[in-house]
Amino acid sequence: MAIKNVMVIGAGQMGEGIAQVCAQSGYNVFLNDMNEQALEKAMKNMEKRLTRAVEKERITESDKTDTLNRLHPSTKLTDAESCDLVIEAVVENMEVKTKVFSDLDKITPKHAILASNTSSLPITEIAAVTNRPEQVIGMHFMNPVPVMKLVEIIRGLQTSDETYQAIEEMTNKLSKVPVEVNDFPGFVANRVLMPMINEAIYTVYEGVSSVEDVDTVMKLGMNHPMGPLTLADFIGLDTCLYIMEVLYEGFGDSKYRPCPLLRKYVKAGWLGKKSGRGFYQYES
């Protein structure tokens, strides 16, 4: 199946990044969000990034213009009527996502593939609310999307080979690297990453070392580009907690139990960089 028209649902950081790389790769893209201010902000952010890319001679002015012409802000889900692929990038909440997929199943053409950018929720459960589970798949992009090369492609229980191949082909066209993953809690990236972050939080909670020193150990000792607590702040501590809870519930194993300090920070509203404070403090 040829994918030409794409809708990305959710104009947050992930959604705008996915929309941008799709438009830059020649796809006609609707970026959908009910919040018009979020849409306006996302469109401005994409234009700024493309302008910087022109200034750094990574793309031409003509490339920038063509990309922006392929991007269409949308506040109506019914714009998906003409789409071959919809990529959902809304809040990481099963109830919200299943409502979106149930609606899309009624709106989109029969051939359309429905994909979720979920970082941890089961694709099989999302697919079950549709009448096309064989055409539902996970496309887990990494943040920031325009920079990071990896895309985890997650097969649900009923995802067809044809659907997988279409999404793998598209991922290559986006100049990303596809990795095939089966539908288990946390997939690969977060199943490995989040327990490491959680353990780093435990070392602070138990007084083993300071925040700064834990990060220094992992940067200088393990050659990580940034420490796990800096990374947690960047991801969002609420997101880290949510993924740990999905892992803990999904596997029922105590090794995935979220650290009490992580819960405390989230309850205090210390969510990391986006709130101005997490393990570190940030200027507003």
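Keep in mind the model is a prediction, meaning the values are calculated, not measured.

Details of the UniProt feature "binding site: NAD(+)" (unreviewed entry) in the chain
Part 1 of the argument: The UniProt feature table records "binding site: NAD(+)" (unreviewed entry) at G10, A11, G12, Q13, M14, G15, D33, E92, K97, S119, N143 and K274. The greatest C-alpha distance among the annotated residues, which extend across 265 residues, is 22.7 Å, indicating that they are dispersed rather than converging on a single site.
Part 2 of the argument: By the secondary structure assignment, M14 is in helix α1 (residues 13-24).
Part 3 of the argument: Once residues within four sequence positions are removed from consideration, M14 is found in contact with N117, F141, M142, N143 and V145.
Part 4 of the argument: Among the secondary structure elements, K97 is positioned in helix α4 (residues 94-107).
Part 5 of the argument: Given the relative accessible area of 1%, K97 is considered buried.
Part 6 of the argument: K97 has contacts with E88, V90, V91, E92, S116, T118, L121 and I126, leaving out every residue within four places of it along the chain.

Focus: the packing of aromatic side chains
Any pair of aromatic rings gets described here by the distance separating the centres and the angle formed by the planes.
Part 1 of the argument: Counted under the stated rule, the structure contains four aromatic pairs.
Part 2 of the argument: Relative to F279, the ring of Y265 lies with its centre 5.0 Å away and its plane at 40 degrees, an arrangement referred to as tilted. Separated by 14 residues along the polypeptide, Y265 in helix α11 (residues 260-267) and F279 in the segment after α11 bring together distant segments of the chain. With respect to class, Y265 is no different from F279; both count as buried.
Part 3 of the argument: An aromatic cluster of three or more residues is present, and its members are Y265, W270 and F279.
Part 4 of the argument: Positioned over the ring face of Y27 is K173, at 4.6 Å from the centre of the ring.
Part 5 of the argument: Directly above the aromatic system of W270 lies the positively charged group of R277, at a separation of 3.7 Å from the ring centroid.

Description of the packing of helix α9 (residues 228-235) against helix α10 (residues 237-251)
Part 1 of the argument: Following both chains from N to C, one finds α9 and α10 inclined at 100 degrees, their axes separated by 6 Å at the closest point. By the angle between their directions, the pair α9 and α10 is classed as roughly perpendicular. Facing α9, whose interface residues are A232, D233 and I235, α10 presents L237, T239 and C240.
Part 2 of the argument: Here the contact of α9 with α10 is composed, by residue class, of four nonpolar, one polar and one charged.

So, how was this worked out
- Residues numbered from 1 in each chain as written.
- Predicted model: local features only at pLDDT ≥ 70, side-chain atom pairs only at ≥ 80, totals over all residues.
- Heavy atoms only, no water.
- UniProt positions renumbered as here; feature names shortened; annotations may be inferred.
- Helix = DSSP H or I, 4+ residues; strand = E, 2+ residues; numbered from the N terminus.
- Contact = heavy atoms within 4.5 Å.
- Buried < 20%, exposed > 50% of the residue type's maximum accessible area, 1.4 Å probe, protein only.
- Phe/Tyr/Trp six-rings, centres within 6.5 Å; stacked < 30°, edge-to-face > 60°.
- Lys NZ or Arg CZ within 6 Å of the ring centre and 35° of its normal.
- Axes fitted to C-alpha atoms, helices over the stretch in contact; angles between N-to-C directions.
- Parallel < 35°, antiparallel > 145°, perpendicular 65-115°, else oblique.
- Nonpolar A, V, L, I, M, F, W, Y, C, P; charged D, E, K, R; others polar.

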